[in-house]
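Observations on chain architecture
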Amino acid sequence: MSSARDAVDSGHTLADGASTTVKGSSSTYKLSRTGNVYMCSCPAWKNQGAPIDRRTCKHLRAYLGDDRETTRVGTAAASRPAASGQPAGSGQPAGARPRSAATKQDTAPPILLAHKWEVDHDPTGWWMSEKLDGVCVYWDGEAFMSRFGNRFFASDWFVADLPADTLDGELWVDRKKFQKTISIVRSGGAGEDWRAVSYVVFDAPNAKGAFEHRVAHAQKVLARSGAPHARWHDHVTCTGVDHLREELARVEQLGGEGLMLRQPGSMYVVGRSTTLLKVKTFQDAEARVVGHAPGAGKHKGRVGALIVELPDGTRFNVGTGLSDAEREAPPKLGAVITFRYQELSDDGVPRFPSYVGERIDLELPAAQGARPKAAARPARKK
């Protein structure tokens, strides 16, 4: 049995109609060839959006030879980051800072998304965990992708030991470190800052069965891979509303964002599902930056507030929560930000919005006609 971790350019051949097995970090996979189609049974090969005769994976590359596979499928179809974390085909020297930490893919991964928990819903018996404030990513067995299919490039050493299984989780630094996490992920594979990041896993999308079976599978492949910077996210059984509120208060006091509830015995489905619920004291949402309101008083000469737009066209200002550095170099026009708020006014404007951070892991649809609710006037001194 061959090992996919052996020499990167071993140069084996695979005859038409032949097959072999290779050992990955957590499972054994079958390599086979039918005509010009070279196949692997790993999730990364199966989940690619490229035509089947243009697909490859790290197991095929290790067995057939990296250069040979690049010649066969081209650099654009390469399914793994190039050396030192730069995007394949970027033309940058090894160790150079990548031009972009993410590249757009043709297809988005099949992600399960949450609904909001309502107070009339009894959480007794549901699985409960802390809601992390990191970057949501889908591990396809070879690379990280956002819910919209943007591929994020981590350092080679960070992904080297991750299992060749599909995993759903977050790149996370710590509570109240969302902006630091974003900054590190945006840097691509460059630098040692990635050592502060953990990949926290809370599901295994392609594992068969109910949530409890997927938990066992994810824990097994993570333990087998031995990746020191990846771990399973702990869940506990919720005993009722009082337990939920006590845990929510504890997490928020520690600086956490909130809680997540998972229905016991639930399957992994694509899209928003009532089997996954988020619980928070404050609401949050995303908006697109469409302008910068000038500051006044101590903020004169720099940004006082961001003028933002919701997907329905509602516009308003977000000034609270911006640091001095962010006022000097605010998110650019077109950037997507997350903000927190208490409630919506009668005309749909978020009340008391507060800036959380810029997002690089999601996109917003184009607004359907702007409905300005705030003028680009100087922000009042706080």
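Structure report, in brief. The shown structure was predicted, so the numbers you read here are calculated from the model rather than taken from an experiment.

Residue alternation in strand β2 (residues 19–23) divides its side chains into a buried set, Thr20 and Val22, and an unburied set, Ser19, Thr21 and Lys23. When β2 meets strand β3 (residues 28–34), the two strands line up antiparallel, connected through five bridges. Within β3, the residue paired with threonine 21 across the bridge is lysine 30.

Taken residue by residue, helix α3 (residues 66–73) has Asp66, Glu69 and Val73 as its buried positions. All buried residues of α3 project into a common sector of 65 degrees when viewed along the axis, lining one side. Structural note: α3 exposes Asp67 and Thr71 on the side pointing more than 90 degrees away from its buried face. Along its buried surface, α3 packs onto α2 (58–64). Residue glycine 74 follows α3 closely and has a positive phi angle near 85 degrees.

Another aspect to go through is the sheet that holds strand β15 (residues 258–262). Sheets are built from strands that pair by backbone hydrogen bonding, the pairs being arranged parallel or antiparallel. Strand order in the open sheet made by the five strands is β6-β16-β15-β7-β14, with mixed pairing throughout. Strands with a single pairing partner mark the edges of an open sheet, and in this sheet they are β6 (112–116) and β14 (236–237). Where β6 meets strand β16 (residues 271–279), five bridges bridge the pair, whose relative direction is parallel. Residue pairing in the sheet places lysine 116 in a bridge with lysine 278 of β16. Helix α7 (residues 241–253) contacts β7 (127–131), β14, β15 and β16 of the sheet and is inclined by roughly 140 degrees relative to β15.

This part covers the side chain of arginine 288. Note on placement: arginine 288 falls in strand β17 (residues 283–294). Within the structure, arginine 288 has its side chain in polar contact with the backbone oxygen of leucine 364 (distance 2.6 Å).

Ranked by size, the top nonpolar core spans 31 residues in total, and within it Phe144, Phe158, Leu162, Leu167, Leu171, Trp194 and Tyr199 carry the most contacts. Broken down by secondary-structure element, the contributors of at least two residues to this core are β8 (135–139), α4 (156–159), β11 (167–172), α5 (178–186), β12 (198–203), α6 (211–225) and β13 (230–232). In terms of residue count, the dominant contributor to this core is α6 (five residues). Beyond its immediate sequence surroundings of up to four residues, leucine 167 is in contact with Val137, Tyr138, Trp139, Tyr199, Val201, Asp203, Ala204, Pro205, Ala218, Val221 and Leu222.

Let us now look at the pattern of salt bridges. As enumerated under the stated definition, the model contains 16 salt bridges in all. Across the pair aspartate 324 and arginine 302 runs a salt bridge whose closest N-O atoms are separated by 3.4 Å. One end of the pair, aspartate 324, is in helix α8 (residues 324–328); the other, arginine 302, is in the loop between β17 and β18 (303–309), and 22 residues separate them in sequence. You can call arginine 302 buried: its relative accessible area is 18%. The residue glutamate 309 makes a salt bridge to arginine 315 at a minimum N-O spacing of 2.9 Å. Since its relative accessible area comes to 9%, glutamate 309 is described here as buried.

Calculation notes
- Residues numbered from 1 in each chain as written.
- Predicted model: local features only at pLDDT ≥ 70, side-chain atom pairs only at ≥ 80, totals over all residues.
- Heavy atoms only, no water.
- Buried < 20%, exposed > 50% of the residue type's maximum accessible area, 1.4 Å probe, protein only.
- Helix = DSSP H or I, 4+ residues; strand = E, 2+ residues; numbered from the N terminus.
- Pairing = 2+ DSSP bridges.
- Arc of directions from axis to C-beta.
- Contact = heavy atoms within 4.5 Å.
- Axes fitted to C-alpha atoms, helices over the stretch in contact; angles between N-to-C directions.
- Polar contact = N/O pair within 3.5 Å; in protein donor to acceptor, adjacent residues only side chain to side chain.
- Core = buried A, V, L, I, M, F, W, Y, C linked by side-chain atoms within 4.5 Å.
- Salt bridge = Lys/Arg side-chain N within 4 Å of Asp/Glu carboxyl O.

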